[in-house]
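# Secondary and tertiary structure notes
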Amino acid sequence: MRDLSLHVLDIVENSIAAGAKNIKIIINENIEKDVLTLTIQDNGKGIDKKTLDKVIDPFYSTKKIRRIGLGLSMLAQATKEADGSFNIESQKGKGTAITATFVYSHIDRKPIGDMAETLITLVATQGLNVDFIYEHHKNSHGFIFDTKSIKQELKDLPLNDPEVINHLRRNLNEELEKL
Amino acid sequence: MRKLKIGDLEKIREKVRRTANLRQGKARAKITVHMGTCGIAAGARDILSTLLKEIGKKKLKDIIVTTSGCAGLCSREPMATVEITGKPPVKYVDLTAEKIKKILNIHIIKGNIINDYVLAIGSERTH
Ligand SMILES: Nc1ncnc2c1ncn2[C@@H]1O[C@H](COP(=O)(O)OP(=O)(O)OP(=O)(O)O)[C@@H](O)[C@H]1O
Ligand code: FES
Ligand SMILES: [Mg+2]
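As a starting point, this report considers the structure included with it. (Residues numbered from 1 in each chain as written. Chains lettered and ligands numbered in written order. Predicted model: local features only at pLDDT ≥ 70, side-chain atom pairs only at ≥ 80, totals over all residues. Heavy atoms only, no water.)

### Section: the interface of chain B and chain A
Definition in use: Two residues form a contact once any of their heavy atoms are found within 4.5 Å. We define buried area as the total accessible area lost by two parts upon association, computed with a 1.4 Å probe and summed across both. The term salt bridge refers to a side-chain nitrogen of Lys or Arg lying within 4 Å of a carboxyl oxygen of Asp or Glu. Counted as a polar contact is a pair of N or O atoms within 3.5 Å, where, for protein atoms, one must be capable of donating a hydrogen and the other of accepting one, and residues adjacent in sequence contribute only when both atoms are in side chains. Each helix is a run of DSSP H or I of at least 4 residues and each strand a run of E of at least 2, with the numbering of both proceeding from the N terminus. Classification convention: Asp, Glu, Lys, Arg as charged; Ala, Val, Leu, Ile, Met, Phe, Trp, Tyr, Cys, Pro as nonpolar; all other residues, Gly among them, as polar.
Facing the 41 residues of chain B at the interface are 51 residues of chain A. Interface area for chain B against chain A, summed over the two sides, is near 4100 Å², with a carbon-plus-sulfur share of 61%. At the surface where chain B touches chain A, the tally comes to six salt bridges. Here Asp-46 of chain B and Arg-2 of chain A are joined by a salt bridge, their closest N and O atoms 4.0 Å apart. At the junction of chain B and chain A, the tally comes to 15 residue pairs in polar contact (both at pLDDT 80 or more). For the side of chain B that touches chain A, the elements supplying multiple residues, two or more each, are helix H1 (9–18), helix H2 (37–42), helix H3 (44–58) and strand E2 (63–68) of chain B. Per-element accounting of the side of chain B that touches chain A gives the leading share, eight residues, to H3 of chain B. By residue class, the composition of the side of chain B that touches chain A is 20 nonpolar, nine polar and 12 charged.

This is how it looks when you write it as structure tokens:
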């Protein structure tokens, strides 16, 4: 994967495949401590204890069509390359939380990439069925993007209408630029 | 922390009102972009963004864009399946932004399949 925003899209696809209805993505750029943290939490079907140790093995997958699973192992690898850490916690029936950390200034730390486009992709294709919260912190600044409250604001307008999507893309890019 | 607000809602509402509504009207076509890990690594998100932007520009309201997981054909990603109501699904492979624009204009809007990009027609559905 070229950058972290593509990893996020990929990891969130796992959550959607696990039937999650609420997905929270948090990016925290702590430049003082030189740490970048990425967290993805979902309320999907979860993973049992026995399986949890196996999921970052590239040869473990519950996919039926092709029995390799690269997504988690690739993110784990990306954290290793930047002297970070990878952690996955899950409870069967409750959900899954993935935390990836990176040394912020590490030369091999992948760039964050285009988070606006990742979020727009998710909202436009899954936004009617799944709610997303995105938090982005950078030092003492930050913002929250919450599709539940956006839907309330929109009332009868569908979240995936092309005009709404264009508008949200613009808003997200503005917020990200301010950070 | 500050929550992102839509703002400008009336302007958007007005714009939406001027065109038909996605939910009310029946969709005429569905495009499914395969978003498995291989697809994403090969550029599936750019394919999807290009589609969304073109659909936004052209104000097309009767087209559903959705995603599906791994299609089991890593080397032919990015892939997308086009389903026009009443017609068999068409699976396109090795996509680029330029190709998906052509598929939108020529296949989805005008109804002519672009055979050069096709892997299969009428194969099993992707979900
Ligand atoms: N959020 C999640 N909730 C429940 N199960 C999960 C979740 N994330 C991963 N898994 C399980 O872990 C396995 C491995 O995930 P991984 O992303 O590495 O590969 P994959 O999704 O199977 O395939 P690929 O990512 O290559 O398309 C999945 O098949 C699934 O069983
Ligand atoms: S493993 Fe699914 S397309 Fe490659
Ligand atoms: Mg995966």
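Read on for the rest.
### Some details on the sheet that holds strand E3 (residues 85–91) of chain A
The strands making up a sheet are joined through hydrogen bonds of the backbone, oriented either antiparallel or parallel. All names here are of chain A. Stated precisely, the cut-off is as follows: Strands pair, by our definition, only if DSSP identifies at least two bridges between them. Axis angles are defined between N-to-C directions and span 0 to 180 degrees, where every axis is a line fitted to C-alpha atoms and, for a helix, only to the segment in contact.
Taken in spatial order, the six strands make up an open sheet running E3-E4-E2-E1-E5-E6, and their pairing is mixed. Edge positions in the sheet fall to E3 and strand E6 (141–146), since each has one partner strand and no second. For this sheet, the mean angle separating the axes of adjacent strands, direction not counted, is 5 degrees. For strand E1 (residues 22–30) and strand E5 (residues 131–138), the ladder comprises eight bridges, and the chain directions are parallel. Within E5, the position partnered with Lys-24 by the bridge is Ile-133. Across the sheet, helix H1 (residues 4–17) lies against E1, strand E2 (35–42), strand E4 (95–103) and E5, angled at about 20 degrees from E2, the strand it touches most. Most of the contacts of helix H4 (residues 115–126) go to E5, to which it runs at about 170 degrees, and overall it touches E1, E5 and E6.

### What about the packing of aromatic side chains?
Filter applied, for reference: Ring geometry is summarised as follows: Phe, Tyr and Trp rings, the Trp one being its six-membered ring, pair when their centres sit within 6.5 Å, and such pairs are stacked at plane angles under 30 degrees, edge-to-face over 60 and tilted between the two. Lysine and arginine charges are scored as sitting over a ring when NZ or CZ, respectively, is within 6 Å of the ring centre and within 35 degrees of the ring normal.
For the coordinates displayed, the defined rule picks out one aromatic pair over all chains. Sitting over the ring of Tyr-104 of chain A, Arg-109 of chain A keeps its end group 4.4 Å from the ring centre. The ring of Tyr-117 of chain B carries Lys-99 of chain B above its face, with NZ or CZ at 5.1 Å from the centroid.

### Overview of the pairing of E2 of chain A
Residues and elements named next belong to chain A. Note that E1 and E2 share eight bridges and pair antiparallel. Looking across to E2, one finds that Ile-27 is bridged to Leu-38. Where E2 and E4 come together, eight bridges link them in antiparallel fashion. Looking at the pairing, Val-35 lines up with Val-103 of E4.

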